[in-house]
Amino acid sequence: MACQLSHQEPKYIQIAAFQPDLAPNLGSLVRLGACFDVPVHVIEPCGFPFSMKLLRTRALDYGEKADVRHHDDWDAFQRTRTGRLILLTTKAEADLWEFDFEPGDCLLVGQESAGVPEFVAAAADHAIRIDMPGGGRSLNVAIAAAIAVGEATRQLR
């Protein structure tokens, strides 16, 4: 099922959600994409039935404005992706605040419950983490993506 709303080249950065397992978080990513003019790639299988109707509900009135690109699986995403693949993970050595983004980079977030499998992590061009001085273990994937998109936009605008 292809649900692609537009196909213009990304101005700054892209977001990819690998097999998202929580519909509200994907809705937040779609809303983030709409607000920052960032394409959002959804890589199946999702942990819930994927539909544009569901996304419109979860993303409130932002679903219609978002550039959502649906991929049946990891291989389909890999065949069509452009730009460097930047994995956002708590396991990375590199810090977000030290990373230099390039136009067209694709920020990859994993499942809320499990992150990404090793073969996906190995496909990333870079892996970055968000340093958390408060000592937390991790952030919600949508919040983490928002922080990284904000930093990428700051660097690239």
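To be clear, the structure that these remarks concern was listed above.
Residues numbered from 1 in each chain as written. Predicted model: local features only at pLDDT ≥ 70, side-chain atom pairs only at ≥ 80, totals over all residues. Heavy atoms only, no water.

Draft legend 1. Broad picture of the side chain of Glu44. Position of Glu44 relative to the elements: it lies in the loop between strand 2 (40-43) and helix 2 (52-58). In this structure Glu44 is buried but unpaired, with Arg79 as the nearest side chain of opposite charge at 14 Å. There is a polar contact of 2.7 Å between the side chain of Glu44 and the backbone nitrogen of Cys46. Apart from the residues within four sequence positions on either side, Glu44 is in contact with Gln19, Phe50, His70, His71, Asp72, Asp73 and Trp74. (Helix = DSSP H or I, 4+ residues; strand = E, 2+ residues; numbered from the N terminus. Buried < 20%, exposed > 50% of the residue type's maximum accessible area, 1.4 Å probe, protein only. Lys, Arg positive; Asp, Glu negative; His and termini not counted. Salt bridge = Lys/Arg side-chain N within 4 Å of Asp/Glu carboxyl O. Polar contact = N/O pair within 3.5 Å; in protein donor to acceptor, adjacent residues only side chain to side chain. Contact = heavy atoms within 4.5 Å.)

Draft legend 2. Representation of the nonpolar core within the structure. Ile13, Leu29, Leu88, Leu107 and Ile128 are the most contacted members of the largest nonpolar core, which has 34 residues in total. Contributions of two or more residues to this core are made by strand 1 (13-18), helix 1 (23-36), strand 2, strand 4 (85-88), strand 6 (105-109) and helix 5 (141-156). With residues up to four places along the chain from it excluded, the contact list for Leu88 reads Leu107, Leu108, Val109, Ile128, Ile130, Ala144, Ala145 and Ala148. Counting residues in hydrophobic clusters, the runner-up holds 12 residues, among them Phe18, Leu85, Cys106 and Leu108. (Core = buried A, V, L, I, M, F, W, Y, C linked by side-chain atoms within 4.5 Å.)

Draft legend 3. Seen up close, helix 5. Here helix 5 contains 16 residues, and its C-alpha end-to-end distance of 22 Å stays within 8% of the 22 Å for a straight helix at 1.5 Å per residue. Here helix 5 has its buried residues at Val141, Ala142, Ala144, Ala145, Ala148, Val149, Glu151, Ala152 and Thr153. Measuring from the side-chain oxygen of the N-cap residue of helix 5 to the backbone nitrogen of Ala142 gives 2.7 Å; that N-cap residue is Asn140. (Expected span 1.5 Å × (residues − 1).)

Draft legend 4. Spatial organisation of unusual backbone geometry. Glu44 connects to Pro45 through a cis peptide bond whose omega is 0°. The residue Pro45 is located in the loop between strand 2 and helix 2 in this model. The phi torsion at Gln19 lies on the positive side, around 40°, for a residue other than glycine. Examined against the element boundaries, Gln19 turns out to sit in the loop between strand 1 and helix 1. Notably, Asp37 is not glycine yet its phi reads approximately 55°, a positive angle. Its location among the elements puts Asp37 in the loop between helix 1 and strand 2. Accessibility expressed as a relative area gives 46% for Asp37, which makes it partly exposed.

Draft legend 5. Region of the structure containing the sheet that holds strand 2. Taken in spatial order, the 7 strands make up an open sheet running 3-2-1-6-4-7-5, and their pairing is parallel. A strand with exactly one partner marks an edge of an open sheet, and here the two such strands are strand 3 (68-71) and strand 5 (94-95). Where strand 1 lies against strand 2, 4 bridges are found, and the strand directions are parallel. Paired with Ile15 across the bridge in strand 2 is Val40. Contacting strand 1, strand 4 and strand 6, helix 5 crosses the sheet at an angle of about 160° to strand 6. (Pairing = 2+ DSSP bridges. Axes fitted to C-alpha atoms, helices over the stretch in contact; angles between N-to-C directions.)

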